[in-house]
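Notes for the structure review
The chain contents come next:
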Amino acid sequence: MHPESEQWFERARAVTPGGVNSPVRAFAAVGGTPRFMASGQGAWLTDVDGNSYVDLVCSWGPMLLGHAHPEVLASVGAAIARGTSYGTPTTTEVELAEEIVARTPVEQVRLVSSGTEATMSAIRLARGFTGRDVVVKFSGCYHGHVDSLLASAGSGLATLGVSATPGVPASSAAQTIVLPFNDRAAVEAAFAEHGASIACLITEASPGNMGVVPPLPGFNAFLAEICSRYGALFVSDEVMTGFRVSRSGQWGTDGAVEGWVPDLSTFGKVMGGGFPAAAFGGRADVMAMLSPQGPVYQAGTLSGNPVATAAGLATLRLATEDVYARVDHVAATISQAASEALSAAGVPHRLQSNGNMFSIFFGEVAPVVDYATAQTQDTDVFTAFFHAMLDAGVYLPPSAYESWFVSSAHDDRAVQHVLDALPAAAAAAAAAPSRKDTR
Ligand SMILES: *Cc1c(COP(=O)(O)O)cnc(C)c1O
């Protein structure tokens, strides 16, 4: 039961559109009342009604070490005691930048406050550096709510985009080309037609915002190569994957092995340790274009905030190989058990994973390589599964188009709690009227 959440949701809707400050939290895709969380500890969340849940959202990725990690809290507490913002340089932001530079291919980095700000700034910098305007992105990849990145594919491939939401000027969307992910021919065609105007191509390093849809082998290397061939910049968005899928993010298992480097990368989520901190960085000659060193303007009152950077630095310093090994192990255990429970209940599904990020597409779904295949999943079956898990005290992402996330604080007791919830949830999924039945 959750009467308190219901009451708070009513109060929230009176003063905030839809009752939430970020749309996916509203449970619109799955129905029901979003749970108002009161506290988090390790792998667990507790809502305002006193129900507890094993958290498989982890704040949509940031909480790699789990909630309220004592050493992160100690760093944050010490930082807060020294004052919360000065609007001057501080030593912690330098140390965080050094940590990011040490782990990733970026030579220089600029700290900002959200992933949206990171991608927005990276695109401005790419445009300023190249003197070109057009941006290429992939359908189903999310890069925050930047105007030019909220574009949908126009009619026909390699044509300029149209606004994906009211409020984005047609002129802004028209500077964006939207292509199917993993489709080399579409990328070749777009560059052949518009190559001289393309400032950059931006991609999720491994998409997690349409469910987990990894790049086909060599796809990122191909993107890096074609960008360089046409004098465009390759922007790898690691806001979700950065410092989560490995100590050096997706690049650590991709470019570092294959021998290529993005021109610019964007980071967020894990590097903020649960606070608003994000970053963009890359080639030193490109970053040198940024103000105050160069002419491309970019700024932020709270950029490099001393409390947020203390949380991020503590998190990254604690994110050792042991942590990644534990997170990978937990993800493999839970994802395989979920898949086995669904198979045992006769529920068709497809498990996809990229390291410790994974998601399940329900229904008879071909390997999901792009947004079009992701959309063939049966979201009604997911909804039945989601609510059964929630009732059993497991908090899954409230949308079928999201990655599930675990943390190093998911101990054996938390994992067992998830495993115990699976058979009944699989049975609920088996009993759900699938979309195909109702057609
Ligand atoms: C979350 C996310 C963003 C946006 O970050 P915010 O901090 O929500 O603005 C950008 N890119 C990717 C890949 C993300 O997952």
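Cut-offs and rules
- Residues numbered from 1 in each chain as written.
- Predicted model: local features only at pLDDT ≥ 70, side-chain atom pairs only at ≥ 80, totals over all residues.
- Heavy atoms only, no water.
- Domains from an automatic or database assignment.
- Buried area = accessible area lost by both parts, 1.4 Å probe.
- Salt bridge = Lys/Arg side-chain N within 4 Å of Asp/Glu carboxyl O.
- Polar contact = N/O pair within 3.5 Å; in protein donor to acceptor, adjacent residues only side chain to side chain.
- Helix = DSSP H or I, 4+ residues; strand = E, 2+ residues; numbered from the N terminus.
- Near = heavy atom within 4 Å.
- Areas by Shrake-Rupley, 256 points an atom, 1.4 Å probe, with all protein chains shown as cover.
- Nonpolar A, V, L, I, M, F, W, Y, C, P; charged D, E, K, R; others polar.
- Pairing = 2+ DSSP bridges.

Here the domain parsing of the protein yields domain 1 (3-64 + 320-431) and domain 2 (70-318). If you average the C-alpha positions of domain 1 and of domain 2, the two centres end up 26 Å apart. Taken together, the two surfaces of domain 1 and domain 2 that pack against each other cover about 2,200 Å², and 57% of this comes from carbon and sulfur. Considering only the side of domain 1, the residues that lose the most area to domain 2 are Tyr 324, Asn 354 and Met 357, jointly responsible for 24% of the buried surface there. Between Glu 321 and Arg 247 there is a salt bridge; the shortest N-O distance is 3.9 Å. Where domain 1 packs against domain 2, one counts 13 residue pairs in polar contact (both at pLDDT 80 or more). Contributing elements (two or more residues each) for the side of domain 1 that touches domain 2: helix 11 (321-344), strand 13 (349-354), strand 14 (357-362) and helix 12 (371-374).

Residues in close proximity to the ligand include Ser 114, Gly 115, Thr 116, Tyr 142, His 143, Gly 144, Glu 204, Asn 209, Asp 237, Val 239, Met 240 and Lys 269, which together make up its full environment. One of the side-chain N or O atoms of Lys 269 is found 2.6 Å from an oxygen atom in the ligand. Surface burial for the ligand is 82%, taken as the share of its 380 Å² of free accessible area covered by protein chains. Considering only residue class, the shell around the ligand consists of three nonpolar, six polar and three charged.

Now for the pairing of strand 2 (residues 44-47). Taken together, the four bridges between strand 1 (residues 37-41) and strand 2 define a ladder with antiparallel strand orientation. Considered in strand 2, the bridge of Met 37 is made with Asp 47. As consecutive antiparallel partners, strand 1 and strand 2 are separated by two residues, and within that stretch Gly 42 has a phi angle of approximately 60 degrees, a positive value. Examined bridge by bridge, strand 2 and strand 3 (residues 52-55) share three bridges and lie antiparallel to one another. Bridge assignment links Leu 45 to a residue of strand 3, and that residue is Tyr 53. Hairpin connection, strand 2 to strand 3: the antiparallel pair is bridged by four residues, and Gly 50 has positive phi, about 90 degrees.

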